[in-house]
Amino acid sequence: MRYIIIHILILVVFFQNSYSQEVRLEAGIDYTIKRINIELATELRKPSIINNDYLGLIQTEIGYEISKRFDFEVGYRFKTNIEEFYPESHVEYNNKHRLTFEMAYNLKRFENDVKLKDAIRYQTNFSESGKIKNYLRNSFELNYKLTNNFKPYIANILYYNIDENRFSEFRIKLGSEFEFGKNSLDLFYIIEIDIARIERTRYIVGIAYGFSL
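Let us look at the structure shown here.

So, how was this worked out
- Residues numbered from 1 in each chain as written.
- Predicted model: local features only at pLDDT ≥ 70, side-chain atom pairs only at ≥ 80, totals over all residues.
- Heavy atoms only, no water.
- Pairing = 2+ DSSP bridges.
- Helix = DSSP H or I, 4+ residues; strand = E, 2+ residues; numbered from the N terminus.
- Axes fitted to C-alpha atoms, helices over the stretch in contact; angles between N-to-C directions.
- Polar contact = N/O pair within 3.5 Å; in protein donor to acceptor, adjacent residues only side chain to side chain.
- Buried < 20%, exposed > 50% of the residue type's maximum accessible area, 1.4 Å probe, protein only.
- Phe/Tyr/Trp six-rings, centres within 6.5 Å; stacked < 30°, edge-to-face > 60°.
- Lys NZ or Arg CZ within 6 Å of the ring centre and 35° of its normal.

### So, the sheet that holds strand E8 (residues 150-161)
Item 1. Around the barrel, which closes on itself, the 11 strands sit in the order E1-E2-E3-E4-E5-E6-E7-E8-E9-E10-E11 with mixed pairing between neighbours. Mean inter-strand twist for the sheet, computed between neighbouring axes without regard to direction, equals 20°.
Item 2. Of the strand pairs in this sheet, strand E2 (residues 36-47) and strand E3 (residues 55-65) are connected by 10 bridges, and their pairing is antiparallel. Within E3, the position partnered with Ile-36 by the bridge is Tyr-64.

### Notes on the side chain of Arg-121
Item 1. Along the chain, Arg-121 falls in strand E6 (residues 114-126).
Item 2. Looking at Arg-121, its side chain comes within polar contact range of the side chain of Glu-102, at 3.1 Å.

### Describing the pairing of strand E11 (residues 202-212)
Item 1. Direction of pairing for strand E1 (residues 22-33) relative to E11: parallel, over a ladder of nine bridges. Bridge pairing in E11 places Leu-25 opposite Ile-207.
Item 2. Inspection of the sheet shows strand E10 (residues 183-194) paired to E11 by 10 bridges, in the antiparallel sense. Across the sheet, the residue bridging to Leu-187 is Ile-207, located in E11.

### Here we look at the environment of Arg-171
Item 1. On the secondary structure map, Arg-171 appears in strand E9 (residues 166-180).
Item 2. A distance of 3.5 Å separates the side chain of Arg-171 from the side chain of Glu-169, its partner in a polar contact.
Item 3. Polar contacts involving the side chain of Arg-171 include one to the side chain of Glu-192, which spans 2.8 Å.

### A look at the pairing of E9
Item 1. As paired strands, E8 and E9 are joined by 12 bridges and run antiparallel to one another. Counterpart to Pro-152 in the pairing with E9 is Ser-176.
Item 2. Between E8 and E9, which pair antiparallel and follow one another directly, the connecting turn spans four residues, one of which, Asn-165, has a positive phi of 55°.
Item 3. Both E9 and E10 contribute to a ladder of 12 bridges, which runs antiparallel. Pairing of Glu-177 across the sheet is with Asp-186, part of E10.
Item 4. Taking the residues between adjacent antiparallel strands as the criterion, E9 and E10 are bridged by two residues, where Gly-181 takes a positive phi near 70°.

### A short note on unusual backbone geometry
Item 1. Positive phi, close to 55°, is recorded for Lys-34, a residue that is not glycine.
Item 2. Its place among the elements puts Lys-34 in the loop between E1 and E2.
Item 3. For Lys-34, a relative accessible area of 81% corresponds to the exposed category.

### Comments concerning the packing of aromatic side chains
Item 1. This structure, assessed with the given rule, holds five aromatic pairs.
Item 2. An aromatic cluster is built from Phe-150, Phe-178 and Phe-180, whose rings are joined through pairwise contacts.
Item 3. Over the face of the ring belonging to Phe-188 we find Lys-173, whose NZ or CZ atom lies 4.7 Å from the ring centre.

Structure follows, in structure tokens:
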């Protein structure tokens, strides 16, 4: 337990002193029946460069465990705000609706308690102005089981713009997830790089709470 407390304190100090342009607060619930998992989540984003403005998101995901190694997931996200706060190149932001299809492969946890996961996603974004963009996203994650309920992780996420036939964004996500009973808490930090325009690199800090029914 003391290692968990020390790790949390280190994360809190890191997040307090890290530079960020955006803060995210997330909350969600999920329910699993047999091999099907259903999630419903809300998210509030506060771009620090814009005073007194917030971006609200609502999303739902339905996942199916094909086997111990493979999962398939369908997701839909709705943006409550109609304003477009961010540059068009940021694929996650300027869309009123987003539809995703994702296939994930989970490797068995190694003896050193390290686990790898790779997920390929196809997504379609529908912006407020009516534009439609299609992307392929590959997410590769490594997490370490510090205890049965506490797992620090690092992930890299690469976006490929199908319509423009180019890689558009690269993200690095650092975080740590803590599970206690049916509850979970995730603290994370994201470095988001616009491949075409490096000067548009964004730094995001966030916290996510989840509850399993």
